[in-house]
Structure formats: structure tokens, C-alpha cells
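# Structural overview
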Amino acid sequence: MRKTTPNLYSSFVTFLSNRKYELLFIGLLQHLFVGIFVHDFDFYVRILWPVNMVILAVLSSSLFLEKDNWFNRLKIPLFLAVILFPIGLSFFGHIPEYFNALSITYIVFFVVLFIQVFRYMIRPSYINIDLITSAVCGFLLLIEIFIFVMYLFIHLDPNSFSNVNLNDQPSIYIDLVYYCSITLTTIGYGDITPMTHQAKLTSAAFGIAGQLYQVLLVGVLISKFTNRNKD
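## Observations regarding the overall build of the protein
Secondary structure assignment for the protein yields nine helices and two strands. Along the protein, from the amino end to the carboxyl end, the secondary structure elements read α-α-α-α-α-α-α-β-α-β-α. For the protein, long-range pairs separated by at least 24 residues make up 75% of all intrachain contacts whose partners lie at least 6 apart in sequence.

As C-alpha cells, this is what we get:
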């Protein structure tokens, strides 16, 4: 009897499905903080910044394998857009409207991922590594959404923030990663500050959203831990 060779595609899809939250966590970490390990900023600007956006899209693709009617309508065009926008930076990066479209696409992308992650968090009645990882991913996704909302604000009005380096797009991104992370963790050094009322109110709204997420997360974890002890 002839042995059937394993289907590599099926094995790959199974791996993505089983490790979806770990892969998403890795993708988000490298997308937000890979600049820590880069000393050549020119290399970061020209190569690494577009590449790490593509890496994030690939590592988050496991969430796009879930079967969901409303999600299926979005996933293919959204996934392709997230892959193609960074690749197009070399050709269309000089067009201001291109970054507006990129920001809106990434806002939608991260909102969709956040919804998928949050729906998983409240679904099971037990605590496991996937639940913990997805909870951390949810907070990182809030930071990502915040970053690209502010990114859009800056492109619409460069005076939205003080002390943001506007020399190039990756510099703006690094400053916003710092500002949004500091805001959502309520540290608030105050070196970068919103200047327009839209930026001020949006920063306040995201600060509140970060606190609400943490309160809900604690409630969800306590509830699941209590249910496990009862069982």
C-alpha cells in the first residue's frame, strides 16, 4: 500500500490555527519594538519598517483562517491591502494621500483583529496559554489602533502634536509608538503632547479605553478562574 505524503499546506494551516495567538503576539511585538535592536536608522527607514509591516500581516494571518460570515467578506481584500500598502511605499510614499489610505487600512485591520481576539477571550470558561496570550495581544492591538489613528491626524494636520519628529514616516511612527504606549499605560511623561482638540480628545478616549480594557480583562480572568475552581 502506497504511503500518502503529508499535505504541506494543510500542515501549515494547522500550525497557524494552533499557534494563532502566539504568532500574533510575536508579530505585534516585532512591529512595535523591533527598532530597539536597530542602530542604522537609514536601514530601518528604507527596508526594515516596510518589511516588519508585512511580517505582522503574515503572522496575523492565522486569525483570518477562522470561519465567520462577516469576517470572510473582509478578510481577503483587507489582508491583501495590508500586505501591498507597505510594498507600495517605495513607489508611492511621496504621495500624502497614500499614507492617509494606509492609516485607515491599518486602523480597520487592527480593529478587526481586536474584535476577533476579544471574542475569543470571553468565549472559553477556562484559563490556558492561548487566553493569556490573546489578552496581551488585545492590549497591544489597542496601542496599534491608537498609533494609526494619531498617524492619520498628523498627516491631516502636522501640528496635531508637539515634539514629534516629522522628518520621515518611520520617525513619526517611532514617536507615536512611544507616545501611545506611554498614554495607554498611564505613565504620561508629557514630552509629546497633543495640540489640537481632536488629538486631545482622542488621546483621552484611548486612555479611558485602555483602563476599561484592563478592568474587563481582570474581570474575565477572575470569572474564568472562579469557574475552574468550581468545576
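## A short note on the nonpolar core
Residues Phe110, Ile147, Phe148 and Tyr173 are the most contacted members of the largest nonpolar core, which totals 61 residues. Secondary-structure elements contributing two or more residues to this core are helix H2 (20–33), helix H3 (41–59), helix H4 (69–87), helix H6 (96–121), helix H7 (129–156), helix H8 (169–184) and helix H9 (197–230).

## Focus: a nonpolar patch on the surface
On the surface, a cluster of nonpolar side chains totalling about 680 Å² of accessible area is made up of Ile76, Leu80, Leu84, Ile87, Phe91, Phe92 and Ile95. At four residues, the largest contribution of residues to the nonpolar patch is made by H4. Assignment of secondary structure puts Ile95 in the loop between helix H5 (89–92) and H6. A relative accessible area of 31% means that Ile95 is categorised as partly exposed.

## Focus on the packing of H7 against H8
Interhelical geometry of H7 versus H8 gives an angle of 130 degrees and a closest axis separation of 9 Å. As summarised for this structure, H7 and H8 are arranged oblique, according to the angle between their axes. Considering the relative orientation of H7 and H8, their crossing is right-handed. Mapping the contact onto sequence places Phe139, Leu142, Ile143, Glu144, Phe146, Ile147, Phe148, Met150, Tyr151, Ile154 and His155 in H7 and Gln169, Ile172, Tyr173, Leu176, Val177, Tyr179, Cys180, Ser181, Thr183 and Leu184 in H8. Residues belonging to the contact of H7 with H8 are distributed by class as follows: 16 nonpolar, four polar and one charged.

## Considerations on the side chain of Thr105
Within the fold, Thr105 resides in helix H6. Using a relative accessible area of 12% as the deciding quantity, one classes Thr105 as buried. Ignoring sequence-local partners within four residues, the contact set of Thr105 consists of Leu78, Ala81, Val82 and Phe85.

## Remarks on the environment of Cys137
Among the secondary structure elements, Cys137 is positioned in helix H7. With 108 residues separating them in the primary sequence, Cys137 and Leu29 have C-alpha atoms 9.1 Å apart. Apart from the residues lying within four places of it in its own chain, the contact partners of Cys137 are Tyr21, Leu24, Phe25 and Leu28.

## A word on the environment of Phe161
One can find Phe161 in strand S1 (residues 161–162). The exposure class of Phe161 is buried, given its relative accessible area of 6%. Setting aside anything within four residues of it in sequence, one finds Phe161 in contact with Met150, Ile154, Tyr179, Ile192, Thr193, Pro194, Met195, Ala199 and Ser203.

## A short note on H8
Residues separated by three or four positions in an α-helix point in the same direction, a consequence of the helix having 3.6 residues per turn. Between its first and last C-alpha atoms H8 spans 22 Å; for 16 residues at 1.5 Å apiece the expected length is 22 Å, and the two agree. Counting buried positions over the 16 residues of H8 gives 14, a clear majority of the element. A positive backbone phi angle near 60 degrees is found at Thr186, which sits one or two residues after H8.

## Overview of the packing of aromatic side chains
In this structure the tally under the stated criterion is 20 aromatic pairs. When the centroid spacing of 6.4 Å and the interplanar angle of 55 degrees are considered together, the rings of Phe91 and Phe92 count as tilted. Ring centres of Phe146 and Tyr179 lie 6.0 Å apart, and the angle between their planes is 50 degrees; on these two criteria the pair is classed as tilted. Here Phe146, found in helix H7, pairs with Tyr179, found in helix H8; they are 33 residues apart in sequence, far enough to count as distant. For Phe146, a relative accessible area of 0% translates into the label buried. Residue class for Tyr179 comes out buried when judged on its relative accessible area of 8%. Ring-pair connections join several aromatic residues into one group, and the members of that group are Phe85, Phe91, Phe92, Tyr98, Phe99, Tyr106, Phe109, Phe110, Phe148, Tyr151 and Tyr173.

Procedures and definitions
- Residues numbered from 1 in each chain as written.
- Predicted model: local features only at pLDDT ≥ 70, side-chain atom pairs only at ≥ 80, totals over all residues.
- Heavy atoms only, no water.
- Helix = DSSP H or I, 4+ residues; strand = E, 2+ residues; numbered from the N terminus.
- Contact = heavy atoms within 4.5 Å.
- Core = buried A, V, L, I, M, F, W, Y, C linked by side-chain atoms within 4.5 Å.
- Buried < 20%, exposed > 50% of the residue type's maximum accessible area, 1.4 Å probe, protein only.
- Patch = residues over 30% accessible without salt bridge, like charges linked within 9 Å, V, L, I, M, F, W, Y side chains within 5 Å.
- Areas by Shrake-Rupley, 256 points an atom, 1.4 Å probe, with all protein chains shown as cover.
- Salt bridge = Lys/Arg side-chain N within 4 Å of Asp/Glu carboxyl O.
- Axes fitted to C-alpha atoms, helices over the stretch in contact; angles between N-to-C directions.
- Parallel < 35°, antiparallel > 145°, perpendicular 65-115°, else oblique.
- Left-handed = near helix turned anticlockwise from the far one by under 90°.
- Nonpolar A, V, L, I, M, F, W, Y, C, P; charged D, E, K, R; others polar.
- Expected span 1.5 Å × (residues − 1).
- Phe/Tyr/Trp six-rings, centres within 6.5 Å; stacked < 30°, edge-to-face > 60°.

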